[in-house]
Amino acid sequence: MLRNNNGFFLLELLLSLSAMFMICIYFIPLLIDIRNQAMVLEIEKTSRQIMYEELQAKLINSQGFADQVFIQNNVEYLIQWRGIEEGEEKEVCVSVDGNTNGSKMETCGKLE
């Protein structure tokens with residue numbers, strides 16, 4: 001008769017470890033990519049929010065149209081006004097350089 005073994009064989013242990021390793025090889029890069037996409041979306045959302053807040057502030061109080069730099073969560077947002085001369089349509093642009101994927105992102109809106 002066979003002896004009663006209450007433990008795992010070495011082969012079973014190696015198979016289970018290799019299966020876990022294969023799963024990790026697939027899911028770790030996927031999670032890193034998802035995290036990078038979430039960071040880019042967060043930066044884009046914040047730049048839109050800054051743009052809308054700047055437009056609302058100028059609708060209420062249209063004293064000055066100066067360029068500003070805003071830093072939040074170690075990300076630098078550059079607020080630029082275009083068309084400041086009389087008679088031109090004023091536009092605010094919020095740009096972010098060198099975000100997680102290394103590209104430049106710019107969000108613009110017109111003051112109506």
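Residues numbered from 1 in each chain as written. Predicted model: local features only at pLDDT ≥ 70, side-chain atom pairs only at ≥ 80, totals over all residues. Heavy atoms only, no water.

## Focus: the sheet that holds strand β3 (residues 91-96)
Inference 1: A sheet is described by the order of its strands in space; here four strands give the open sequence β1-β2-β3-β4, paired in antiparallel fashion. Across the chains shown, the open sheet's two edge strands, defined by having one partner strand only, are β1 (68-72) and β4 (105-110). Across the sheet, the mean angle from the axis of one strand to that of its neighbour is 20 degrees, orientation sign disregarded.
Inference 2: Relative to strand β2 (residues 75-82), β1 is paired through five bridges, and the arrangement is antiparallel. Bridge pairing in β2 places Ile-71 opposite Glu-76. (Pairing = 2+ DSSP bridges. Helix = DSSP H or I, 4+ residues; strand = E, 2+ residues; numbered from the N terminus. Axes fitted to C-alpha atoms, helices over the stretch in contact; angles between N-to-C directions.)

## Some details on the pattern of salt bridges
Inference 1: For the structure on display, the rule yields four salt bridges.
Inference 2: Among the salt bridges present, the one from Arg-82 reaches Glu-106, with a minimum N-O distance of 3.0 Å. Residue Arg-82 is found in strand β2, and its partner Glu-106 is found in strand β4; the two are separated by 24 residues along the sequence.
Inference 3: The class for Arg-82 is partly exposed, based on a relative accessible area of 33%.
Inference 4: Take Glu-106: its relative accessible area is 40%, and that puts it in the partly exposed class.
Inference 5: The partner of Glu-89 in a salt bridge is Lys-110, with the nearest N and O atoms 3.5 Å apart. Remark: Lys-110 occurs in strand β4 and Glu-89 occurs in the loop between β2 and β3; sequence separation between them is 21 residues. (Salt bridge = Lys/Arg side-chain N within 4 Å of Asp/Glu carboxyl O. Buried < 20%, exposed > 50% of the residue type's maximum accessible area, 1.4 Å probe, protein only.)

## Side note on the packing of aromatic side chains
Inference 1: Here the structure, examined in full by the defined rule, presents two aromatic pairs.
Inference 2: Arranged with centres 6.3 Å apart and planes meeting at 40 degrees, the rings of Phe-70 and Tyr-77 form a pair that is tilted.
Inference 3: Given a relative accessible area of 35%, Phe-70 falls into the partly exposed group.
Inference 4: We classify Tyr-77 as buried; its relative accessible area is 2%. (Phe/Tyr/Trp six-rings, centres within 6.5 Å; stacked < 30°, edge-to-face > 60°.)

## Quick look at the state of the cysteines
Inference 1: Counted according to the given criterion, the structure contains one disulfide.
Inference 2: Residue Cys-93 pairs covalently with Cys-108 via a disulfide, S to S 2.1 Å. As the torsion about the S-S bond is roughly 110 degrees, the Cys-93-Cys-108 disulfide counts as right-handed. Linking Cys-93 in strand β3 with Cys-108 in strand β4, this pair joins segments that are 15 residues apart in sequence.
Inference 3: The buried category is assigned to Cys-93, whose relative accessible area is 0%.
Inference 4: Since its relative accessible area comes to 32%, Cys-108 is described here as partly exposed. (Disulfide = S-S within 2.5 Å.)

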